[in-house]
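One-letter residues, chain by chain:
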Amino acid sequence: MIPDPDSVPRRSRRATSPIDPRIAIIGGGPGGLFTAYELQRIVDRPLRVTILEASGRLGGKVVTPRFASADVRYEAGAAEFYDYEHFGHDPLKELIAELGLPIRPMGGPTVIVDGQVIANLDDVRDRLGAHAATALLDFDRQARDRMTPREFYASGDRDGPAACAELSRFDSVIGGIACPRARRFVEHMIHSDLAAEPSQTSVEYGLQNYLMNDPAYMRLYGIEGGNERLVESLAAQVDARVLLGHRAERVARSPRGTLLVRSRAGEAVEESEFDAVVVALPHDCVSRIEFAGDRLRSAVAAHHAHHDHPAHYLRITMLFERPFWRDRVSDSFWMLDRFGGCCLYDESARDPSAEHGVLGWLLGGDAVRELASAPDNELVERALDSLPAVLGDGRPLLREARVHRWTGAVSALPGGVSPMRIDRRHCPEPVEHPNLFLVGDYLYDSTLNGVLDSAQYVAGWIAAKVARSPNA
Ligand SMILES: Cc1cc2nc3c(=O)[nH]c(=O)nc-3n(C[C@H](O)[C@H](O)[C@H](O)COP(=O)(O)OP(=O)(O)OC[C@H]3O[C@@H](n4cnc5c(N)ncnc54)[C@H](O)[C@@H]3O)c2cc1C
């Protein structure tokens, strides 16, 4: 539960005056909050920041609800943070440390195929056969050849199409795995990370989602007490006017070059003037805002078309009397060869003192498109049916189940087929609207790390403008 931001003790407020720059941030998800926090951190003069958030809470897709029948938490949106500290610089981990939030490593090498637990190469050889093990090793070698850990780390920062190595899709790479059992193994292993089918994403993004299972490339962690604590901490720190329940509907340039944002709160519609506007929304929400004037309208439409590669998630989370699977699998999560390949999170592993067991199924891609309209009870039944016998029978222990649908909520091909230059990603119409910025994870790698990179880029740009033009 997010406290009302205006009731939370904050870092001391800076006094503002009517000549201080007015910045609107549309969207109170991680992207909006990161932008506000970063502006506050790097701009050495007061700013009048307003965050417009359509829903009744801050945090967007970072959400840690509790079950109704027991005071037990689970992650309904973003499950884990990606750890790049071993490369020397990890802005998200540094921010989480700065906010004083304790973290817990997460991991899970296990894949369950045909009801059999496969945790290492020996298991692959024993359960899928020597041919599959050789094919997997070959694929693994090729994947590492194509992308080193450093290239993996730097991939989001590349500036422009010239650096884009391959325009073909990831299914062309997976199709090259000679052994069908090995191919299916890889498909199932990465399906829920992609949230899309291999034919809908790039070679680069597919490889990243395969290689991230290796700690030399990436590690994972969660925030103790729930990932939503990140949102709570940011909300408490950020010095901004937060307008919950305010949906931005229209952005237009005024004759003076400032930007007018029209927003709706219930029946009430208001329009306010800002010196700069940051649209911190997922790509599907950007297209629901009206951008006035031919020039801006067509620039944002082109930006949206370039990035319009929707991917889908669906979470089914169940509370059990006890973690009945732990004797067999004790990882934080594991992959299952159902629903085209899904991830099963042991949500209760986040809290070692928990008595209950919580399992969360993360479905992605086409399976979500097929199932999203099914009623919750049918989805719960199907998820229970998917549990392999080797883990034990959960049905008699089930207490409560929740379903969260995230159709079209992330990008299958972050950056688009051929990524734009970084400044163009963030400023779609620099000539007449140099003060309109976009922030989003879909501009980088569809993760919280990516949306922080995006927010820091835009905050730096605004800081430079404000410094150049002290009277905004
Ligand atoms: C199921 C799932 C699992 C994920 N797992 C991970 C993970 O493990 N690790 C990871 O790093 N990332 C993960 N992600 C991605 C991560 O959640 C996103 O990168 C992050 O939430 C993006 O933040 P955002 O602020 O851009 O968008 P959002 O989180 O979507 O926030 C946008 C906000 O804008 C508001 N809004 C929308 N329209 C308007 C409007 N017109 N006016 C005002 N406000 C508006 C929304 O209400 C929302 O609060 C996952 C996403 C999903 C769906």
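Residues numbered from 1 in each chain as written. Predicted model: local features only at pLDDT ≥ 70, side-chain atom pairs only at ≥ 80, totals over all residues. Heavy atoms only, no water.

### Considerations on the overall build of the chain
- Along its length, the chain carries 15 helices and 19 strands.
- Referenced to the eigenvectors of the C-alpha coordinate spread, the extents of the chain come out at roughly 70 × 50 × 40 Å.
- The 472 residues of the chain split such that 57% are buried.
- Long-range contacts, defined here as pairs at least 24 residues apart, represent 76% of the contacts in the chain between residues at least 6 apart.
- As displayed, the chain offers around 19400 Å² of accessible surface, 49% of which is attributable to carbon and sulfur atoms. (Helix = DSSP H or I, 4+ residues; strand = E, 2+ residues; numbered from the N terminus. Buried < 20%, exposed > 50% of the residue type's maximum accessible area, 1.4 Å probe, protein only. Contact = heavy atoms within 4.5 Å. Areas by Shrake-Rupley, 256 points an atom, 1.4 Å probe, with all protein chains shown as cover.)

### Section: the site of the ligand
- Near the ligand there are 33 residues, and of these Gly31, Glu53, Glu80, Asp441 and Leu448 occur at the shortest range.
- One of the side-chain N or O atoms of Glu53 is found 2.6 Å from an oxygen atom in the ligand.
- Within the complex, 94% of the 1000 Å² of free accessible area of the ligand lies under protein.
- Elements with a contribution of two residues or more to the shell around the ligand: α1 (30-42), β2 (48-53), β9 (247-253), β14 (310-320), β18 (398-411) and α15 (448-468).
- Considering only residue class, the shell around the ligand consists of 17 nonpolar, 10 polar and six charged.
- Taken domain by domain, the shell around the ligand gets at least three of its residues from each of domain 1 (21-62 + 226-309 + 417-468) and domain 2 (110-212 + 310-411). (Near = heavy atom within 4 Å. Polar contact = N/O pair within 3.5 Å; in protein donor to acceptor, adjacent residues only side chain to side chain. Nonpolar A, V, L, I, M, F, W, Y, C, P; charged D, E, K, R; others polar. Domains from an automatic or database assignment.)

### A short note on unusual backbone geometry
- Its identity as a non-glycine residue notwithstanding, Ala195 has a phi of 60 degrees, on the positive side.
- Residue placement: Ala195 occurs in the loop between α7 (180-194) and α8 (203-211).
- When its relative accessible area of 0% is taken as the criterion, Ala195 is described as buried.
- Positive phi outside glycine occurs at Phe339, with the angle close to 55 degrees.
- Residue placement: Phe339 occurs in the loop between β15 (333-336) and β16 (342-346).

### A word on the pairing of strand β1 (residues 22-26)
- Among the five residues in β1, five count as buried, and that is most of the element.
- The alternating pattern of β1 places Arg22, Ala24 and Ile26 on one face and Ile23 and Ile25 on the opposite face, and all of these are buried.
- Two elements, β1 and β2, share five bridges in a ladder whose sense is parallel. Within β2, the position partnered with Ile26 by the bridge is Leu52.
- Remark: the β1/α1/β2 crossover connection has right-handed handedness. (Pairing = 2+ DSSP bridges. Right-handed = clockwise from strand over helix to strand, strands pointing away.)

### So, the domain arrangement of the chain
- Per the domain assignment, the segments making up the chain are domain 1 (21-62 + 226-309 + 417-468) and domain 2 (110-212 + 310-411).
- Centre-to-centre, using C-alpha coordinates, domain 1 lies 32 Å away from domain 2.
- At the interface, 20 residues of domain 1 touch 18 residues of domain 2.
- Summing the contributions of domain 1 and of domain 2, the shared interface buries around 1500 Å²; its carbon and sulfur component is 52%.
- Sorting the residues of domain 1 by area buried against domain 2 places Lys61, His309 and Val417 first, and these three jointly supply 31% of that buried surface.
- Put simply, domain 1 and domain 2 have zero salt bridges between them.
- At the boundary of domain 1 and domain 2, one finds four residue pairs in polar contact (both at pLDDT 80 or more).
- Broken down by class, the residue content of the side of domain 1 that touches domain 2 amounts to seven nonpolar, six polar and seven charged. (Buried area = accessible area lost by both parts, 1.4 Å probe. Salt bridge = Lys/Arg side-chain N within 4 Å of Asp/Glu carboxyl O.)

### A look at the sheet that holds strand β4 (residues 103-106)
- Taking strand neighbours across the sheet as the criterion, the three strands line up as β3-β7-β4 in an open arrangement whose pairing is antiparallel. Edge strands, defined here as strands with exactly one partner in the open sheet, are β3 (81-83) and β4. Pairwise comparison of adjacent strand axes, ignoring direction, gives a mean angle of 40 degrees for this sheet.
- In this sheet, strand β7 (residues 219-223) lies alongside β4 in antiparallel orientation, the contact comprising four bridges. Across the sheet, the residue bridging to Ile103 is Ile223, located in β7.
- Against the sheet, helix α2 (residues 91-98) contacts β3, β4 and β7, and its axis sits at roughly 30 degrees relative to β7. (Axes fitted to C-alpha atoms, helices over the stretch in contact; angles between N-to-C directions.)

### Topic: helix α9 (residues 228-237)
- Across the 10 residues that make up α9, a large majority, seven, are buried.
- Of the residues making up α9, those classed as buried are Glu228, Leu230, Val231, Ser233, Leu234, Ala235 and Ala236.
- Taken together, the buried residues of α9 touch α1, β3, α2 and β7.

### Quick word on the packing of aromatic side chains
- Under the criterion given, the structure shown has 14 aromatic pairs.
- Their ring planes at 35 degrees and their centres at 4.7 Å tell us that Phe67 and Tyr74 sit as a pair that is tilted.
- Between the aromatic rings of Tyr457 and Trp461, the centroid separation amounts to 6.1 Å while the plane-to-plane angle is 85 degrees, which identifies the pairing as edge-to-face. Placement of the pair is Tyr457 and Trp461 together in helix α15, with a separation of four residues, close to one helical turn.
- Taking relative accessible area as the criterion, Tyr457 reaches 32% and is therefore assigned partly exposed. (Phe/Tyr/Trp six-rings, centres within 6.5 Å; stacked < 30°, edge-to-face > 60°.)

### A closer look at the layout of surface pockets
- Of the voids in this model, the second largest pocket is the one considered here, and its volume is about 700 Å³.
- Residue lining of the second largest pocket: 32 residues in total, with Gly108, Pro109, Met189, Asn213 and Asp214 positioned closest to the centre.
- Only α3 (121-128), α4 (130-146), α7, α8, β7, β15 and β16 provide two or more residues apiece to the lining of the second largest pocket.
- No other element matches the four residues that α4 contributes to the lining of the second largest pocket. (1 Å grid on protein atoms, 1.4 Å probe; cavity = no way out; pocket = protein on both sides within 12 Å on 5 of 7 lines; lining within 4 Å. Points joined across faces, edges and corners; volume = space filled by probe spheres on them.)

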